[in-house]
Amino acid sequence: MTAGGAPGSAGGTQERRQGTAAGSTPGAAGGAQERGRSTTAGGAPHAAGGASHGSWTRFPAAALALWLVTAVKGAVPFVVAVVASFVADRPEVGWMVVAVVAFMLIAPVLRWLTVRYRLGDEGVALRESLFTRRQRTIPYGHVHAITVEQPPVLRLFGLVRLVVSSGDSSDGSIALDAVPASLQMAIEARRRAAAGAVGSLTADDAAEPSPTAAAAMPTPAAAMPTPAAAMQSLAATATVPVGPAADVSATAPTGATPIPADAAPCPTDATPILTDAALAESTPVSADAAPTDVTLAGSASIPSIGPSPSSATQVPAGPAPASPAAASSSPAASASSAPHPGTGTLAYRASTRDILLFALTDLSLLVWALALWGLFQKIDDWFPDQAEAAVSGATALVLAHGVVGVAVAFVAVLVVLAAISTVASLLRYAGFEAWRRGGDLVVVRGLVTRRTITIPVGRIQSVTVTRNPLRKALRLCKVEVGLSARLGGDGGDDTSTSDEATLLPVIGDDRVVATLRAMLPEWDVRPVPMRRTGRGLMRMYLTAPLAMAAIGAAAGIGGMAAMGAAQAGGAAAMRGLAIAGGVTALIGLCWMATRWLKYQTDAYALLPDADGSGGIVVHGTDADSTKHAADDVVIAPLPHRIMVTTANGLAMCTIVTRRARVQSVERSTTPWRQRAGVERLVMPLYVANGPSELRFTALRHADADCLAAWADDEAGADSSDSATRA
Amino acid sequence: MDRETSGMRRADADGACADADNRGGYVWDRAGRDEREWQRPPERITRAWMVQGLIMAAALAAAAVVTAAVCQINGWWNFWTVALAVVLAVLAVAALASIPVSNRYDYEFNQFSIGERDVRIRKGWLFRSMTTVPYNRVQHVDTKQGPVLRAFGLMTVQVHTAVGEHEIEGLDVDQAHRVVELIAARAREAKEDL
């Protein structure tokens, strides 16, 4: 590392500001700013992007064009508004508009002239020096995620939009709007080199024992006791599409899932996919050294445009092993020009069927429905004349046809919404793929704008599996990861942050465990016996909402009853009372439904740590243990994990997170609850893009003691802490 | 195979670490069965609370009166404005009535403990809460002093974590500074240990 020693500092992002009074013009590209570019100890591995890296670089001209277009787009509403409100009888207004638009266009030009980026020795840096010189550096060791997206416009120029996120909560990302695609590889390589130099990726503030041990994970060859076993392991991995493993590596849209759909799926199989990655990590020449790489990377060609169900079906559905010849037949695929995950292991690919399922089971359909309803209401205001007549005519028509007409209209609206949802989902998730590459998780998705998100596994702070009621009925679920940084920045065509950290948009309950194990063996997410905290405490859950609903209902009914009897003045008041009561009762009922679900689902399990003796053995089911005996690889799961199931609204979710994320333990009770031996416990979590707390609405003191002791580090690996406490 | 099942069993044991015969919850006992040293703010905090309660009640009452006056002058009386005024008035009375009760019992329960590994703060009598903040989660510590507390020479200590803050209310100014020093030092130690 250089003398700058950036990774040692605490913050994720370093910032320097200074006035430009010293006459440091933007053109004098920071000779003084450079901390002598001495050769690094880690050795910048592949200077993939050519000569420009390492020195301050101006964005390509296409970036200027992009910013100008964005500025014009931003100016359109303003111009329209001004022109519409001051009708064109006053020419000076027109000139004002021209001036303002010109000013709006100057800003991008100035920005383009003054902004530089650099891949320095210590980190990625962005320097803005228009009025205030502001330089941000994200050290390679602090990179939490890299998001790459390529809108069609940028694809024309071979450019990408690249966002480097750091752990800073405030302004911790650097967005490079249009940079050469090769830059991504350069950053990745440097990041990995930095991680290797430090020894582990995480100098995390929480300071759990390095969770990203992926790089330091035992490679299979090293872990195997005998060479023969090692050979067998390689063979087993190379012929991966055997039984359920094919299921993991490629989601065949034919849907011939060999695993029986079971309510509590047993982890049936998990190919030690990490081993490939570990191999690739330890041997930089990977492509030829490890045949395992070729197999998986080859069998799944990386699409650069759109969804490719065809390539998903390339993998034979049956147990026929993919021969190395077939695998090597598409070596060019991994060298395609678009942003791609490179060599790695395909852990999950969403077929078009999956995306459609996602779209149709998305309950935000209802939100859309409400929006549409609002629009429908607004139509009267916007188009007072003919449109209103047309609409009311249509409404009358529907009403005239009675129930059938209403039903048809309803179905029509639903179909429209489903179509909208499908299009939106396809735009976002088409060609969704999740790759495991060494210590990184790489997610590629998007129809028009391909987006590649690279997340070092060690930065993942939580894993959440969510089932909304519809998906629960269909045995589907959605998996998201919580990070310690926000992804993606501000740009992009879909700015909804909710889907940024989606790992698996939709997946069958029967496949989720195996897939997650392939992706995140460190997290070891699987069904475990849970301690249900709400058992027998239904009263505690339901009293408050029930009381609210009852009071509301009483007020509402009372108001309605009194409305008829009262005089004119009183009737209005009673009507108000009835409305207020009705609303209260409705809210109470919704609350009750949520509480009921929580009562049913609230549970926790303190997951076993890897104590010194070893860890969780990742292996096949016992039934075919002979076949998979060689696949057993000891992968230590992350220490101090907790699994919590709860209900969030009407959706049920399973959260797995780590103790280091728990910031405090807040227990609360009341005298009457205490008499029943019950309290409430909340553990606020420090996770961005993820759950903000673990909440147990009502649990017994002993459970609370247990959780508090776990959170308090007190017991360490010991489980018998409540005994010592008592 | 063996290891995995043992892992499962361990999880089970962990999950069931709260035995049926152990009722638990001793942290809630007023005597405090855990051997921790609990401190409490000086007794004059009850007077500060009383002043705060009176101010709150007065503000609510004033709001109710203003609502009533405005409605009366403009003739805006209807169900909703009546409801608003009534609710405000009821809240004002409740605030006034709860002052002696909460002063007496809240003070009883209002304690904090600066332990070896964490800070614990107990609050409330009717709605009791106990917050545990481990030192290695403490981001920073600072003090706060509103006008009422200043009049009584009291000071509030705020312990900040990455996602929120927790208050130790109404300490002597000297005591508050000592507490800040102590927590900061222990937090530093805890971070260095890691």
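What you see is a predicted model; the values in this text were computed from it and never measured.

We now examine the environment of Thr646(A). Residue and element names in this part refer to chain A. As for its placement among the helices and strands, Thr646 is situated in strand β20 (residues 641-648). Between the C-alpha atoms of Thr646 and Gln600, which are 46 residues apart in sequence, the distance is 8.4 Å. In terms of polar contacts, Thr646 uses its side chain to reach the side chain of Lys598, at 3.3 Å.

With that out of the way, let us pick up the side chain of Ser462(A). By the element assignment, Ser462(A) lies in strand β13 (residues 460-467). Judged by relative accessible area, which is 0%, Ser462(A) ranks as buried.

As a further point, take the sheet that holds strand β14 (residues 476-483) of chain A. All names here are of chain A. If you walk across this open sheet you meet the seven strands as β15-β14-β13-β21-β20-β17-β16, and the pairing is antiparallel. Lying at the two open borders of the sheet, with one neighbouring strand each, are β15 (502-508) and β16 (531-532). Relative to β15, β14 runs antiparallel, the two sharing four bridges. Considered in β15, the bridge of Leu476 is made with Gly508. Most of the contacts of helix α12 (residues 352-360) go to β15, to which it runs at about 95°, and overall it touches β14 and β15.

What follows is about α12(A). Looking at α12(A), one finds that the buried residues are Asp354(A), Ile355(A), Phe358(A) and Ala359(A). Considered in projection along α12(A), the buried side chains sweep an arc of 135° and stay on one side of the axis.

What follows concerns the UniProt feature "transmembrane region" (unreviewed entry) in chain A. Residue and element names in this part refer to chain A. In the numbering used here, UniProt assigns the "transmembrane region" (unreviewed entry) feature to residues 64-87, 93-113, 355-376, 396-427, 540-566 and 572-593. Across residues 93-113 one finds 100% helix and 0% strand; the C-alpha atoms that close the span lie 31 Å apart. With 100% helix and 0% strand, residues 572-593 has its two end C-alpha atoms placed 32 Å apart.

Now for the pattern of salt bridges. Residue and element names in this part refer to chain A. Applying the stated criterion across every chain yields a total of 26 salt bridges over all chains. Arg191 is the partner of Asp440 in a salt bridge, and the nearest nitrogen-oxygen pair spans 2.5 Å. Here Asp440, found in strand β11 (residues 440-445), pairs with Arg191, found in helix α4 (residues 182-198); they are 249 residues apart in sequence, far enough to count as distant. The burial state of Asp440 is the same as that of Arg191; both residues are buried. Between Lys478 and Glu480 there is a salt bridge, and its shortest N-O distance comes to 4.0 Å. What emerges from the salt-bridge pattern is a single network uniting Glu188, Arg191, Arg192, Arg437 and Asp440.

Conventions adopted
- Residues numbered from 1 in each chain as written.
- Chains lettered and ligands numbered in written order.
- Predicted model: local features only at pLDDT ≥ 70, side-chain atom pairs only at ≥ 80, totals over all residues.
- Heavy atoms only, no water.
- Helix = DSSP H or I, 4+ residues; strand = E, 2+ residues; numbered from the N terminus.
- Polar contact = N/O pair within 3.5 Å; in protein donor to acceptor, adjacent residues only side chain to side chain.
- Buried < 20%, exposed > 50% of the residue type's maximum accessible area, 1.4 Å probe, protein only.
- Pairing = 2+ DSSP bridges.
- Contact = heavy atoms within 4.5 Å.
- Axes fitted to C-alpha atoms, helices over the stretch in contact; angles between N-to-C directions.
- Arc of directions from axis to C-beta.
- UniProt positions renumbered as here; feature names shortened; annotations may be inferred.
- Salt bridge = Lys/Arg side-chain N within 4 Å of Asp/Glu carboxyl O.

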